[in-house]
Amino acid sequence: MEWAQVRVLAADGVSQREIAARLGINRRTVRRLLEADEPPRYRRTSKGSMLDPLEPVLRRLLEQWPEIKAPRVTEILRADYGYAGSVDLVKRRLAALRPSRARAAQRTGYRPGQVLQLDWAEMPTRPKIAGRERRIYALIASLPFSGAQTAHFSFDLTTESFLEGHARALDWLGGVPRECVYDNLRSVVARRDGDVICWNPRFVALRGHYAFHATACTPATPREKGAVEGAVRYLKTGFWPARRIRRLADLDEQYADWRERVCNRRRHATGAFWVHERLEVERHALRPLPPVAFDYAGRRSTRVPLDGYLKLGGCFYRAPEPLVHQRIELRYDRDHVWVCHHGQVVARYLRSYDRGRWFPPPRLRPEPPAPRPVDALRVPAVAPPELADYAQLSA
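Let me begin by describing the structure that accompanies this report. What you see is a predicted model; the values in this text were computed from it and never measured. (Residues numbered from 1 in each chain as written. Predicted model: local features only at pLDDT ≥ 70, side-chain atom pairs only at ≥ 80, totals over all residues. Heavy atoms only, no water.)

Core analysis: the biggest nonpolar cluster contains 32 residues, and Leu116, Phe162, Leu173, Tyr182, Phe203, Tyr210 and Phe212 have the highest contact counts within it. At the level of secondary structure, the elements contributing two or more residues to this core comprise strand 1 (115–122), strand 4 (137–142), helix 7 (159–173), strand 6 (179–182), helix 8 (201–210), strand 9 (213–216) and helix 11 (275–285). Residue contributions to this core peak at seven residues, all from helix 7. Among all residues touching Leu173, those that are not within four sequence positions of it are Leu116, Leu143, Leu279, Arg283 and Leu286. Ile129, Phe155, Phe239 and Trp258 belong to the second-largest nonpolar core, a separate cluster that totals 22 residues. (Core = buried A, V, L, I, M, F, W, Y, C linked by side-chain atoms within 4.5 Å. Buried < 20%, exposed > 50% of the residue type's maximum accessible area, 1.4 Å probe, protein only. Helix = DSSP H or I, 4+ residues; strand = E, 2+ residues; numbered from the N terminus. Contact = heavy atoms within 4.5 Å.)

Printed below as a string of structure tokens:
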């Protein structure tokens, strides 16, 4: 309060002698308050910490083992340097000395057709399909420039589902972007050691077929693919609630209608532009699709058993009878199953997710023959003799 009063009186033109007299303080105090840029406060003189002499040791430990924890550091200090303080004191000092891992966020701009971001998402609820509750996953592809998105639904997170969803997303776009950005999906990254990435071989085949650059985000850094993260939230809140789903084909139809009518015709929340207008610009900037479609179907080489039925996902599909005990290739995607022999398709079925189904159903065992009807015996009619005849005979 004295600091503020002194400055107010000085601003009014009152001399330092008069200010000291009015406030009853020393003139030197008045001069000191006028020279101060902020109110004076009491500061306790630091006596230092028992860790101050050991700070070079802490810095050396952090340099050699950046992830070392406070309990181990305390153990070293007590054993080798006679430290008698607490673990909490060491923990606070390590927090001050350890370099921060946080990276500053930066907004990134995109050009038309430059980037496509992809990620898996599990839907919030489990609808009842084919007689039981099923988890449903969506591979979501989002274009950061336009904010448009598309999705492919499946019952699993296999590599085949990822490749099929990726190919379908590019077919919907009608072209190929220059770069695709992913999280560290097992379908994309087989192994990662720091910045050294070992790509999944089947993903490499997809990337080479469509000829695009690939980027795997830094682990635990979802902001590097913020467009698809927003698309995941929008799908879960804007499309999924209150949906009646009987099968995946029905879900595809509902999503395609919502995508074209609502999702990609909205006004972008942050960019304040119309998504469908930018999507048209982006489609013109994409590279053309390859002339041959990518083969994303799964395959399994096996020998046809004696009954001819091949098992896939709990269901059974029959190969032609002449192929019994021969080696064939069972091919499948999300919706179809087919049997190939020497490169030719010899049988094709719709894929079922109702376990225990047989295609075609086994032939029923024939019923035993009905019993032949029994002919009735013909007995001639014989009239019994009269009693008089018996009396005559006995006489």
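Between its first and last C-alpha atoms helix 9 (residues 226–239) spans 19 Å; for 14 residues at 1.5 Å apiece the expected length is 20 Å, and the two agree. Looking at helix 9, one finds that the buried residues are Val228, Ala231, Val232, Leu235 and Phe239. All buried residues of helix 9 project into a common sector of 105 degrees when viewed along the axis, lining one side. Along helix 9, exposed side chains directed more than 90 degrees from the buried face belong to Arg233 and Thr237. (Expected span 1.5 Å × (residues − 1). Arc of directions from axis to C-beta.)

A word on the packing of helix 5 (residues 70–81) against helix 6 (residues 87–97). Relative orientation of the contacting elements helix 5 and helix 6 amounts to 115 degrees, with a least axis distance of 9 Å. The orientation of helix 5 with respect to helix 6, classified from their angle, is roughly perpendicular. The hand of the helix 5/helix 6 crossing is right-handed. Two secondary-structure elements touch here, helix 5 through Ala70, Pro71, Val73, Thr74, Leu77 and Arg78 and helix 6 through Val87, Val90, Lys91 and Leu94. (Axes fitted to C-alpha atoms, helices over the stretch in contact; angles between N-to-C directions. Parallel < 35°, antiparallel > 145°, perpendicular 65-115°, else oblique. Left-handed = near helix turned anticlockwise from the far one by under 90°.)

Attention now goes to the side chain of Asp333. For Asp333, the position within the fold is in the loop between strand 13 (327–332) and strand 14 (336–341). We note that Asp333 is buried and unpaired, the nearest opposite charge coming from Arg168 at a distance of 5.4 Å. A polar contact of 3.0 Å, which involves the side chain of Asp333, links it to the backbone nitrogen of Asp335. A polar side-chain atom of Asp333 sits 2.7 Å from the main-chain amide nitrogen of His336. (Lys, Arg positive; Asp, Glu negative; His and termini not counted. Salt bridge = Lys/Arg side-chain N within 4 Å of Asp/Glu carboxyl O. Polar contact = N/O pair within 3.5 Å; in protein donor to acceptor, adjacent residues only side chain to side chain.)

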